[in-house]
Amino acid sequence: MSTAINSILHSTSDADINGQAFYEEENLMQSMEIQNLNFFYAKGAAPALKNVSMPIYKNRVTALIGPSGCGKSTLLRTLNRIYNLYGQQYAEGDIQLEGQSIFANTDINELRSKVGMVFQKPTPFPMTIYENMTFGLKIQGKFSKEEIRERVESALKRSHLWDEVKDKLNSDANGLSGGQQQRLCIARTIALEPDVILMDEPTSALDPIATSAIEMLITELRTKYTIVVVTHNMQQAMRISDYTGFMYLGELEEFGKTRQIFNDPGKERTRNYISGDFS
Ligand SMILES: Nc1ncnc2c1ncn2[C@@H]1O[C@H](COP(=O)(O)OP(=O)(O)OP(=O)(O)O)[C@@H](O)[C@H]1O
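Once a new chain begins, its residue numbering starts again from 1 and follows that chain's sequence as written. Confidence filtering applies because this is a predicted model: local features only for residues at pLDDT of at least 70, side-chain atom pairs given and counted only at 80 or more, and all residues used for totals across whole chains, interfaces and linings. With hydrogens and water stripped out, all remaining heavy atoms of the structure feed into the side-chain values.

Remarks on the site of the ligand
It suffices for a single heavy atom of a residue to lie within 4 Å of a molecule or strand for the residue to be listed as near it. Taken together, Tyr41, Ala48, Pro67, Ser68, Gly69, Cys70, Gly71, Lys72, Ser73, Thr74, Glu201 and His232 are the residues near the ligand. A distance of 2.8 Å separates an oxygen atom of the ligand from a polar atom in the backbone of glycine 69. Grouping the amino acids of the shell around the ligand by side-chain chemistry returns 4 nonpolar, 6 polar and 2 charged. For the purposes of these results, a polar contact is taken to be a pair of N or O atoms within 3.5 Å, where, inside protein, one atom must be able to donate a hydrogen and its partner to accept one; residues adjacent in sequence count only when each atom of the pair is a side-chain atom. When residue character is reported, Ala, Val, Leu, Ile, Met, Phe, Trp, Tyr, Cys and Pro are called nonpolar, Asp, Glu, Lys and Arg charged, and the others, Gly included, polar.

Side note on the pairing of strand β5 (residues 90–97)
In the case of a regular strand, side chains alternate between the two sheet surfaces. In short, DSSP must find at least two bridges between two strands for them to pair. Secondary structure is summarised from DSSP: a helix means a run of H or I of at least four residues, a strand means a run of E of at least two, and numbering begins at the N terminus for each. Two elements, β5 and strand β6 (residues 100–101), share 2 bridges in a ladder whose sense is antiparallel. Considered in β6, the bridge of glutamine 96 is made with serine 101. Counting the residues that bridge the hairpin from β5 to β6 gives 2 residues, and of these glutamate 98 lies at a positive phi of roughly 50 degrees.

Brief notes about helix α3 (residues 129–140)
Listed in full, the buried residues belonging to α3 are Ile129, Asn132, Met133, Thr134 and Leu137. Contacts: residue pairs with any heavy atoms within 4.5 Å of one another. Residues of α3 that are buried in the fold lie against α4 (145–158), α5 (162–165) and α6 (178–190). With its phi angle positive at about 65 degrees, glycine 141 sits one or two positions after the end of α3. Burial status follows relative accessibility: with a 1.4 Å probe on protein chains alone, a residue under 20% of its type maximum counts as buried, one over 50% as exposed, and anything between as partly exposed.

Things to note about the sheet that holds strand β10 (residues 243–248)
In spatial order, the strands read β7-β8-β9-β4-β10-β11; together these 6 strands make up an open sheet with mixed pairing. At either margin of the open sheet sits one strand with a lone partner, and together these are β7 (115–118) and β11 (251–257). Averaged over neighbouring strand pairs, the angle between their axes works out to 20 degrees when direction is ignored. One ladder, built from 5 bridges, connects strand β8 (residues 196–200) with strand β9 (residues 226–230); its direction is parallel. Residue pairing in the sheet places valine 196 in a bridge with threonine 226 of β9. Convention adopted: a line fitted to C-alpha atoms gives each axis, helices being fitted over their contacting stretch, and angles between N-to-C directions are expressed from 0 to 180 degrees. Its contacts with the sheet place α6 against β7 and β8, and it is angled at close to 170 degrees to β7.

Comments concerning the pattern of salt bridges
Salt-bridge detection follows one rule: a side-chain nitrogen of Lys or Arg within 4 Å of a carboxyl oxygen of Asp or Glu. Going through the model one piece at a time under the given rule, you end up with 12 salt bridges. Across the pair arginine 149 and glutamate 146 runs a salt bridge, and its minimum N-O distance is 3.2 Å. Residue arginine 149 and its partner glutamate 146 are located together in helix α4, separated by 3 residues, close to a single helical turn. By relative accessible area, glutamate 146 is classed as partly exposed at 41%. Between arginine 269 and glutamate 253 there is a salt bridge, with its nearest N and O atoms 3.3 Å apart. On the criterion of sequence distance, the pair formed by arginine 269 in helix α10 (residues 268–274) and glutamate 253 in strand β11 is long-range, its members being 16 residues apart. The exposure class of glutamate 253 is buried, given its relative accessible area of 16%.

Quick word on the nonpolar core
We call a set of buried residues a nonpolar core when its members are Ala, Val, Leu, Ile, Met, Phe, Trp, Tyr or Cys and they connect through side-chain atoms within 4.5 Å of each other. Core analysis: the biggest nonpolar cluster contains 42 residues, and Ile65, Met133, Leu156, Leu184, Ile186, Met199 and Ile227 have the highest contact counts within it. Top contributing element to this core by residue count: helix α7 (residues 208–221), with 5 residues. Sequence-distant contacts of isoleucine 227, defined by excluding residues within four places in its chain, comprise Arg60, Val61, Thr62, Ile197, Met199, Ile218, Leu221 and Arg222. Judged by nonpolar contacts, the second largest core, of 28 residues, contains Phe39, Leu49, Tyr83 and Val196.

Things to note about the confidence of the model for the protein chain
With 90% of its residues at a pLDDT of 70 or more, the protein chain shows a mean pLDDT of 89. What pLDDT conveys is the predictor's confidence in a given residue, as a value from 0 to 100. Of all secondary-structure elements in the protein chain, the lowest mean pLDDT belongs to strand β1 (residues 7–10), at 33, while strand β4 (residues 61–65) reaches the highest, 98. For residues 1–22, every residue scores under 50 in pLDDT, and the model assigns this stretch 42 contacts once sequence neighbours within four places are set aside.

A few points about the side chain of threonine 258
Summarising the element assignment, threonine 258 is placed in helix α9 (residues 258–263). Taking the relative accessible area as the measure of exposure, threonine 258 reaches 3% and is therefore buried. Once you skip the residues sitting within four places of it in the chain, threonine 258 turns out to touch Ala237, Met238, Ser241, Asp242, Tyr243 and Thr244.

Considering the packing of aromatic side chains
Any two of the Phe, Tyr and Trp rings considered here, Trp counted by its six-membered ring, make a pair once their centres fall within 6.5 Å; the pair's planes then place it as stacked at under 30 degrees, edge-to-face at over 60, or tilted in between. Counted by the stated rule, this structure contains 8 aromatic pairs. Look at phenylalanine 39 and tyrosine 41: their rings are 5.1 Å apart centre to centre, the planes differ by 80 degrees, and that puts the pair in the edge-to-face class. Judged by relative accessible area, which is 1%, phenylalanine 39 ranks as buried. A relative accessible area of 31% means that tyrosine 41 is categorised as partly exposed. One aromatic cluster is present, built from ring pairs that chain together Phe39, Tyr41 and Tyr83. Note on criteria: charge over ring means Lys NZ or Arg CZ within 6 Å of the ring centre, with the direction from the centre no more than 35 degrees off the ring normal. Above the plane of the ring of tyrosine 90 lies lysine 43, whose end atom (NZ or CZ) is 4.9 Å from the centre. In this structure, arginine 188 packs its charged tip against the face of phenylalanine 125, placed 4.0 Å from the ring centre.

What follows is the structure, given as structure tokens:
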């Protein structure tokens, strides 16, 4: 399947337990496409990802689930080539972003501004709230002061943080609560206006109220961004994602609409995992 043919008529019509067809989606676009991807942490090492192929649909939330060590974070980290920071690690196969290979002639900074990342633990830089927001924008070197100010305000508003921080933009970002710090990290990513936002267990360090705020934010953000989220929390995957990939031992065992994966998985192993028979 080529990303050049970006518009996909998704015409499955599997029935749910009540006999309703609810898996249909029309005119679904692909933002990224992972094609026969293998990943190695070192030369000669066993692959951590084996022949993974899957679409990442535009303006949808895709959850990656699976038991510990199955390769969820590894797969996420290939999508903006963050693994390139570590010398020996390499990927084989291809990943396309808007129809272009991210491996061919790619300016890595440009890729990372198009495919932003939010980590498990909130990681504000040791700077003020405002400086956290402007850091990436300044590195790009193409925005006026006024444009930067506008982007900061707009991203903080979209992340529902503006009202809480607008009077203390020059305070240390580490003075914010964990949930606020994570929303700041999301806002910082959004300020760069990426196409895709990668989130690696973005709520696992947060309490239930902060978790709920981030989940609502993710659901809202998908109107503008494509989101890929790694989660161990099956309820969370069901609440926030449109598509789910179940991984097992470095392979993509099953991929589909979240409702289908959770209501009517195609594979015994997926069924066992989501019903808690192994973790
Ligand atoms: N830096 C590394 N060097 C070598 N091997 C690694 C490294 N990081 C991960 N691995 C291995 O790659 C495989 C996939 O790990 P990965 O962290 O992607 O799994 P995961 O599904 O995200 O796990 P978890 O749910 O526990 O976070 C595992 O076998 C792991 O041991």
